[in-house]
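Structural overview
Listed below, chain by chain, are the residues.
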Amino acid sequence: MTVVFILIDGLRPDAIDTADCPQLAALRERGAATMSARSVMPSVTLPCHTSIFHSVPPTRHGITSNDWQPMARPLLGLFDLAHAAGKRCAFFYNWEQLRDIGRPGSLELSFFRNTAYQADGDQIIADEAARYLAAEQFDFAFVYLGTVDSAGHHYGWMSEGYLGQLATVDVALGTLLPALPAGSTVLLQSDHGGHERNHGTEMLEDMTIPWIVAGPGIRAGHTITSPVSLLDTAPTLARLLGIAPHREWEGRCVEEIFERVKG
Ligand SMILES: [Zn+2]
């Protein structure tokens, strides 16, 4: 079974109900989801991704801007633990500052194109991810799509241009999702939201993110009621991969997403 983690950078949950995005709406319908998960401060891309993959807040890992630096107190992240457990991991992305979210040696496949600033940039990533994930067996894949954030900075969050770019990315999801191996589990979220032409603050518009999981054994059409933080992503993905979370991770597996065993 393949676990696929998809991140749409800068996606606000209220955009899913406003933009033309049938793929996202359908994924939410067939899975367990919350539209009020929480980001971390600063609500900035690289600090958020470091927190997502290492399940600790920026005050713990020390990366507080988009300029990568060695972690203040290093700890292993999801890619590292998955690799150590013998899992085959792949990473597809279009914003290169993310290259250090796993330690060197943890990936079987890494695909990068610098396309986060062009309208068809996520389609290019989705096409490659679809091609590789359909052809080869991976245990875990991370697909990062960066163009919605770029549109937010350019046109403004929730503007026509921003919502139009989300519709474009939804078409790319329509390429990727049907290409995944049967029985795949998908976790889709964003790293932060945005307001006006920026993000990074503690405002609700910046801090509130969608968090959606769908697949075998996951409750369908379920609205998650317990609080979810992006620190909970790595422990939840670890559970889905059948590996133990790192003892220093601060998030928790979101138990509520799982179907209860009958009998
Ligand atoms: Zn971001």
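Up top is the structure these notes are about.
Because the structure is predicted, anything quoted here is derived from the model rather than measured.

Okay, the sheet that holds strand β2 (residues 32-38) next. Strand-to-strand pairing in sheets goes through backbone hydrogen bonds, with the strands running parallel or antiparallel. The strand order across the open sheet built from eight strands is β4-β3-β5-β1-β6-β7-β2-β8, with neighbouring strands paired in mixed fashion. In this open sheet, the two edge strands, each paired with only one partner strand, are β4 (109-112) and β8 (222-223). Where strand β3 (residues 89-93) meets strand β5 (residues 140-145), four bridges bridge the pair, whose relative direction is parallel. Counted as the bridge partner of Phe 91 is Phe 142 from β5.

Here the focus is the pattern of salt bridges. A full pass over the atoms with the stated rule returns 10 salt bridges. A salt bridge links Arg 60 to Glu 248; the nearest nitrogen and oxygen atoms lie 2.4 Å apart. Linking Arg 60 in helix α4 (residues 58-61) with Glu 248 in the segment after α10 (233-241), this pair joins segments that are 188 residues apart in sequence. For Arg 99, the salt bridge goes to Glu 96, with nearest N and O atoms at 2.9 Å. Residue Glu 96 is classed as partly exposed on the basis of its relative accessible area of 34%. Here the salt bridges share partners, and the residues they tie into one network are Arg 60, Arg 247 and Glu 248.

Attention now moves to the coordination of the zinc ion. Of the protein atoms, only Asp 9 (OD), Asp 9 (OD), Thr 45 (OG1), Asp 191 (OD) and His 192 (NE2) coordinate the zinc ion, at distances of 1.9 to 2.6 Å. Between consecutive donor residues of the zinc ion, the sequence gaps follow D-x35-T-x145-D-H. The exposure classification of Asp 191 matches that of His 192, with both residues buried.

Ranked by internal contacts, the top residues of the largest apolar core, which has 47 residues, are Phe 5, Phe 53, Leu 78, Phe 140, Phe 142, Trp 211 and Ile 257. Examining the composition of this core, we find that five residues originate from one element, α10, more than from any other. The next biggest cluster of nonpolar side chains, apart from the first, holds 39 residues, and it includes Val 148, Leu 166, Ile 212 and Ala 214.

A few words now on helix α7 (residues 147-155). All of the buried residues in α7 are Thr 147, Val 148, Asp 149, Ser 150, Ala 151 and Gly 152. Those residues of α7 that are buried lie in contact with β1 (3-8), α6 (121-135), β5 and α8 (160-179). Just downstream of α7, Gly 156 is the residue with a positive phi angle, here 105°.

A complete count under the given rule lists 11 aromatic pairs for this structure. Between Phe 53 and Phe 142 the ring centres are 5.0 Å apart and the planes differ by 55°, which places this aromatic pair in the tilted class. Here Phe 142 lies in strand β5 and Phe 53 lies in helix α3 (residues 45-54), a separation of 89 residues in the sequence. We classify Phe 53 as buried; its relative accessible area is 1%. For the pair Phe 91 and Phe 142, a centre-to-centre distance of 5.1 Å together with 15° between the ring planes defines the contact as stacked. On the criterion of sequence distance, the pair formed by Phe 91 in strand β3 and Phe 142 in strand β5 is long-range, its members being 51 residues apart. Taken together, the aromatic side chains of Phe 5, Phe 53, Phe 79, Phe 91, Tyr 93, Phe 112, Phe 140 and Phe 142 make up a single cluster linked through ring pairs. In this arrangement the basic side chain of Arg 88 is found over the ring face of Phe 138, its NZ or CZ atom lying 5.0 Å from the centre.

Attention now goes to the environment of Phe 138. By secondary structure assignment, the location of Phe 138 is in the loop between α6 and β5. Taking the C-alpha atoms as reference points, Phe 138 and Asp 20, separated by 118 residues in sequence, lie 31 Å from one another. Non-local contacts of Phe 138, meaning those with residues more than four positions away in its chain, are made with Met 1, Thr 2, Arg 88, Cys 89, Ala 90, Glu 108, Leu 109, Tyr 132 and Leu 133.

Right, let's get into the side chain of Ser 51. Position of Ser 51 among the secondary structure elements: in helix α3. With residues near it in sequence (within four places) discarded, Ser 51 still touches Val 40, Val 56, Pro 57, Pro 58, His 61, Leu 230 and Leu 231.

The subject of this paragraph is the packing of helix α2 (residues 22-29) against α8. If you want to describe how two helices pack, look at the angle between their axes and the distance between the axes. Interhelical geometry of α2 versus α8 gives an angle of 60° and a closest axis separation of 7 Å. By the angle between their axes, α2 is oblique relative to α8. Only Leu 166, Asp 170, Leu 173, Gly 174 and Leu 177 of α8 make contact with α2, whose side of the interface consists of Pro 22, Gln 23 and Leu 24. When its residues are assigned to classes, the contact of α2 with α8 shows five nonpolar, two polar and one charged.

What follows deals with the packing of α6 against α8. For the pair α6 and α8, interaxial distance at closest approach is 8 Å and the crossing angle is 5°. Looking at the two axes, α6 sits roughly parallel to α8. The residues of α8 that touch α6, namely those facing Asp 122, Gln 123, Ala 126, Asp 127, Ala 129, Ala 130, Leu 133 and Ala 134, are Val 169, Val 171, Ala 172, Thr 175, Leu 176 and Ala 179. Split by residue class, the contact of α6 with α8 holds 10 nonpolar, two polar and two charged.

Cut-offs applied
- Residues numbered from 1 in each chain as written.
- Predicted model: local features only at pLDDT ≥ 70, side-chain atom pairs only at ≥ 80, totals over all residues.
- Heavy atoms only, no water.
- Pairing = 2+ DSSP bridges.
- Helix = DSSP H or I, 4+ residues; strand = E, 2+ residues; numbered from the N terminus.
- Salt bridge = Lys/Arg side-chain N within 4 Å of Asp/Glu carboxyl O.
- Buried < 20%, exposed > 50% of the residue type's maximum accessible area, 1.4 Å probe, protein only.
- Donors = N, O, S within 2.8 Å, 3.2 Å for Na, K, Ca; no water.
- Core = buried A, V, L, I, M, F, W, Y, C linked by side-chain atoms within 4.5 Å.
- Contact = heavy atoms within 4.5 Å.
- Phe/Tyr/Trp six-rings, centres within 6.5 Å; stacked < 30°, edge-to-face > 60°.
- Lys NZ or Arg CZ within 6 Å of the ring centre and 35° of its normal.
- Axes fitted to C-alpha atoms, helices over the stretch in contact; angles between N-to-C directions.
- Parallel < 35°, antiparallel > 145°, perpendicular 65-115°, else oblique.
- Nonpolar A, V, L, I, M, F, W, Y, C, P; charged D, E, K, R; others polar.

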